[in-house]
Amino acid sequence: MSRIGRMPVHIPEGVSVEVKEGNVITVKGAKGTLVRTMPEAMGIEVKDNEVIVTRPDDQKKNKALHGLTRSLINNMVTGVHDGFSKTLEINGVGYRANKQGKKLVLSLGYSHPVEMEDPEGIETKVEENRIIVSGISKEKVGQYAAEIRGKRAPEPYKGKGIKYADEIIRRKEGKTGKK
């Protein structure tokens, strides 16, 4: 039995979970609504402020989907109740970020500024050298943060670029002179 799949998902106050035909799950909360279609094989039921995920048999595919389904539902519940956020740091001389309406404008040492439009349901904030990406969908927040980081990933020699706040950049030694 999957250790994660076995655990019930607690539904906090102010959050409602609905399971419709075809395992379509709708989670509504204070921050918004998320809808997702789960695998048909999984049994999903809501009892006493908890969501319980069961699997039909011990086939390898169903074992893999058991924990995944439970985690996806848990992330949906957490997202509409608390939300998710990722913090990025900009390091480097002349590297900076600005907000212009729904656009994030990055100056990253290129000959032109890099402009990125905030996707639907995602909000970005700029504080000095930090960019905070927040939203209710864990997947979308992580994807957009990765796209921002990809515009100028940190390099190992001087550590310049955009990195996650909790990321540690392994530094390399530069060239050594002839003796």
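Our subject is the structure that appears above.
Residues numbered from 1 in each chain as written. Predicted model: local features only at pLDDT ≥ 70, side-chain atom pairs only at ≥ 80, totals over all residues. Heavy atoms only, no water.

Caption draft 1: Geometry of the sheet that holds strand E13 (residues 161–164). The sheet built from four strands is open, its strands ordered E11-E12-E7-E13 with antiparallel pairing. The sheet is open, and its two borders are formed by strand E11 (122–127) and E13, each paired with just one other strand. Ignoring strand direction, the axes of neighbouring strands in this sheet form an average angle of 25°. Sheet topology note: the strand E7 (residues 84–91)/E13 ladder contains four bridges and is antiparallel. (Pairing = 2+ DSSP bridges. Helix = DSSP H or I, 4+ residues; strand = E, 2+ residues; numbered from the N terminus. Axes fitted to C-alpha atoms, helices over the stretch in contact; angles between N-to-C directions.)

Caption draft 2: Layout of the pattern of salt bridges. Overall, the coordinates contain eight salt bridges when judged by the stated rule. Taking the shortest distance from any N to any O, the salt bridge between Glu167 and Arg149 comes out at 2.7 Å. Residue Glu167 is found in the segment after E13, and its partner Arg149 is found in helix H3 (residues 138–150); the two are separated by 18 residues along the sequence. In the salt-bridge network here, residues are joined through shared partners; they are Glu89, Arg130 and Lys163. (Salt bridge = Lys/Arg side-chain N within 4 Å of Asp/Glu carboxyl O.)

Caption draft 3: Up close: the layout of surface pockets. What the largest pocket holds in volume is close to 200 Å³. Along the walls of the largest pocket sit Leu34, Val35, Arg36, Leu72, Asn75, Met76, Phe84, Ile136, Ser137, Lys138, Glu139 and Lys140, which together make up its complete lining. Listed by contribution, the elements that provide at least two residues to the lining of the largest pocket are strand E4 (33–37), helix H2 (60–81) and H3. Grouping the amino acids of the lining of the largest pocket by side-chain chemistry returns six nonpolar, two polar and four charged. (1 Å grid on protein atoms, 1.4 Å probe; cavity = no way out; pocket = protein on both sides within 12 Å on 5 of 7 lines; lining within 4 Å. Points joined across faces, edges and corners; volume = space filled by probe spheres on them. Nonpolar A, V, L, I, M, F, W, Y, C, P; charged D, E, K, R; others polar.)

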